[in-house]
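# Understanding the architecture of this molecule
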Amino acid sequence: QVQLVESGGGLVQAGGSLRLSCAASGRTFSRYAMGWFRQAPGKEREFVVAIRTSGETTRYADSVKGRFTISRDNAKNTVYLQMNSLKPEDTAVYYCAASSGCIYYSDSYCKNPGTYDYWGQGTQVTVSS
């Protein structure tokens, strides 16, 4: 069982940076790949990126490529999303999620939100122009 809590969201100006954190409870964090998703009002939930226990990452969504970086610290049971050069279109609620299957399956599998077993409550990111 895994419980996830996101933090680090807030209001920033375009061009600014934020670092999101997702802390996991329990002692089985290293058994899960971790993904970041985001959802803007009226939009479908969008896959951002995921990272496996080894540190291997999936491809980033085209909309964030070159600006966002995912990392994890297994000793601290925490995954991070560093977001630079933020744009107003990045405004959304950001969710972290845990997947046991993503450890073993393809990047396409990891992009499917239906394959994630646990979800955090989300943290709001608002980028003003």
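A brief structural summary. Just so we're clear, the structure is a prediction, and the values are computed from it rather than from any experiment. (Residues numbered from 1 in each chain as written. Predicted model: local features only at pLDDT ≥ 70, side-chain atom pairs only at ≥ 80, totals over all residues. Heavy atoms only, no water.)

Right, let's talk about the packing of aromatic side chains for a bit. Per the stated rule, a full pass over the model turns up 5 aromatic pairs. With centroids separated by 5.1 Å and ring planes inclined at 85 degrees, the aromatic side chains of Phe-37 and Tyr-116 adopt a geometry described as edge-to-face. Within this pair, whereas Phe-37 is found in strand E4 (residues 33-39), its partner Tyr-116 is found in the loop between helix H1 (107-110) and strand E9 (118-119), the two being separated by 79 residues in sequence. Accessibility expressed as a relative area gives 0% for Phe-37, which makes it buried. One aromatic cluster is present, built from ring pairs that chain together Phe-37, Phe-47, Tyr-116 and Trp-119. Sitting over the face of the ring of Tyr-95, Arg-45 holds its NZ or CZ atom 4.1 Å from the ring centroid. Taking the ring centre of Trp-119 as reference, the NZ or CZ of Arg-45 above it sits at 4.8 Å. (Phe/Tyr/Trp six-rings, centres within 6.5 Å; stacked < 30°, edge-to-face > 60°. Helix = DSSP H or I, 4+ residues; strand = E, 2+ residues; numbered from the N terminus. Buried < 20%, exposed > 50% of the residue type's maximum accessible area, 1.4 Å probe, protein only. Lys NZ or Arg CZ within 6 Å of the ring centre and 35° of its normal.)

This brings us to the environment of Gln-124. Tracing the backbone shows Gln-124 in strand E10 (residues 123-128). Not counting chain neighbours up to four residues away, the residues in contact with Gln-124 comprise Gly-9, Gly-10, Thr-91, Ala-92 and Val-93. A distance of 3.4 Å separates a polar side-chain atom of Gln-124 from the backbone oxygen of Ala-92. (Contact = heavy atoms within 4.5 Å. Polar contact = N/O pair within 3.5 Å; in protein donor to acceptor, adjacent residues only side chain to side chain.)

So, on to the pairing of E4. Taking burial as the measure, the 7 residues of E4 include 6 buried ones, the bulk of the element. Here E4 runs beside strand E8 (residues 92-99); their pairing, made up of 7 bridges, is antiparallel. Each residue of the ladder has a partner; that of Trp-36, found in E8, is Cys-96. Here 5 bridges tie E4 to strand E5 (residues 46-51), and the two strands are oriented antiparallel to one another. Bridged to Trp-36 within E5 is Val-49. Turn length for the E4-E5 hairpin, with the two strands adjacent in sequence and antiparallel, is 6 residues, and the turn residue Gly-42 shows positive phi of about 75 degrees. (Pairing = 2+ DSSP bridges.)

Function cannot be inferred from these measures alone, as they are strictly geometric.
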